[in-house]
Amino acid sequence: MPEQLPDDGAIASTGAGGAMDLATAEGASLERVPGGPEGTGPEHKARSLWSDAWHDLRRNPVFLLSAFVILFLVFISLWPGAITTGSPLDCNLADAQKGSEPGHPFGFNGQGCDVYTRTVYGARTSVTVGVCATLGVALLGSFFGGLAGFFGGTWDALLSRLTDVFFAIPVVLGGLVLLSVVTSNTVWPVIGFMILLGWPQISRIARGSVITAKQNDYVQAARALGASSSRMLLRHITPNAVAPVIVVATIALGTYISLEATLSYLGVGLKPPTVSWGIDISSASPYIRNAPHALLWPAGALAVTVLAFIMLGDAVRDALDPKLR
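Now for a quick tour of the structure. Just so we're clear, the structure is a prediction, and the values are computed from it rather than from any experiment.

## Examining the environment of T186
And then number 1: Its place among the elements puts T186 in the loop between helix 6 (171–179) and helix 7 (188–213).
And then number 2: A residue is classified by how much of its surface remains accessible, and T186, at 39% relative accessible area, is partly exposed.
And then number 3: When the C-alpha atoms of T186 and P273 are compared, they prove to be 9.8 Å apart, with 87 residues separating the residues in sequence.

Okay, structure coming up:
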């Protein structure tokens, strides 16, 4: 262990007769800090991969636009009463299929419910399903994929065969079979189904990322210094292997929202009286000629939400991928 780093902070002895690049080992980029006479103050400022990514994201209009849309969706999901005062379950058949009028800008659906109010409250269900399913899939897939990539051998072979089985199951067909026997009106059966069929994709991403990260010099140096497997996995590998998982999970969030709407449209996902964009699209389909507004507004909200998460995932991918710099 050297007692003092070189002045340029770039090369340090490993203590084993060799040398290593500190900037490369830490995954940081170096920038010269202007100002100050030579010899007074730091000459370089280290910036990590995450700092670089945030620096790029703040200047990416795609990220800013998608983030604004997502933050607005989260806001109305938590406080729908901030932009609407009605109840999504307050319906009057006398108003069925009516168009826009004062106080009801989106008109009414086939049951006489206010489309605007139901569209606002439907965001809560979609965001809840998307976020919870994504968190569950990311945690479960990262856990199994990370262990398989790090230890390899029998564990890796077993996980590979198990993921092959799940990939062979069509998602919509699996939902029709598994959710058709569920009688609960809550979102949790749908979330559980998405986690069950969604974790293999993340596990393969995590496995490949961990295999790549554990071959880096800093991991080999930690192994040579006697670091335990848990320390290497948690301190050295995970922070440098998590970026691909975050990118895929962000894009998948929009996919899960779309999947929930699809299953609800087919009648096996969420069920009334739960307010969902998929349920509203399904109930408005028979009246599309007489009252197209009842279908177009929830369908448009669904499309904008899914597009926002896909755009966010693309922006995050571009910021975290060093090959695109």
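Next comes the rest of the write-up.
## Concerning the nonpolar core
And then number 1: Judged by nonpolar contacts, the single largest core of 33 residues is most densely connected at F63, L73, I257, W277, L302 and L320.
And then number 2: When residues of this core are traced back to their parent elements, those giving at least two are helix 2 (49–57), helix 3 (61–78), helix 4 (115–151), helix 9 (229–265), helix 10 (277–284) and helix 11 (293–320).
And then number 3: Counting residues in each nonpolar core, the second largest holds 26 residues, with V129, A133, W199 and V245 among its members.

## Comments concerning the packing of helix 4 against helix 7
And then number 1: The interhelical angle for the contact between helix 4 and helix 7, taken along N-to-C directions, is 40°, at an axis separation of 5 Å. Crossing of helix 4 over helix 7 shows right-handed handedness.
And then number 2: Residues that form the contact of helix 4 with helix 7 fall into these classes: 18 nonpolar, 9 polar and 1 charged.

So, how was this worked out
Every residue gets a number counted from 1 within its own chain, in the order that chain's sequence is written. Side-chain atom pairs in this predicted model are given and counted only at pLDDT of 80 or more, local residue features only at pLDDT of at least 70, and totals for whole chains, interfaces and linings cover all residues. Think of the side-chain values as coming from all heavy atoms in the structure, minus any hydrogens and water. Secondary structure elements follow DSSP: runs of H or I no shorter than four residues count as helices, runs of E no shorter than two count as strands, and numbering proceeds from the N terminus. We call a residue buried when its accessible area falls under 20% of the maximum for its residue type, exposed when it is over 50%, and partly exposed in between, using a 1.4 Å probe and counting protein chains only. In this description, a nonpolar core means a group of buried Ala, Val, Leu, Ile, Met, Phe, Trp, Tyr and Cys residues linked to one another through side-chain atoms lying within 4.5 Å. The angle between two axes is taken between their N-to-C directions and runs from 0 to 180 degrees, where each axis is a line fitted to C-alpha atoms and a helix contributes only its stretch in contact. In this scheme, a crossing is called left-handed if the near helix is turned counterclockwise away from the far one by less than a right angle; it is called right-handed if the turn is clockwise. Classes in brief: Ala, Val, Leu, Ile, Met, Phe, Trp, Tyr, Cys and Pro nonpolar; Asp, Glu, Lys and Arg charged; the others, Gly included, polar.

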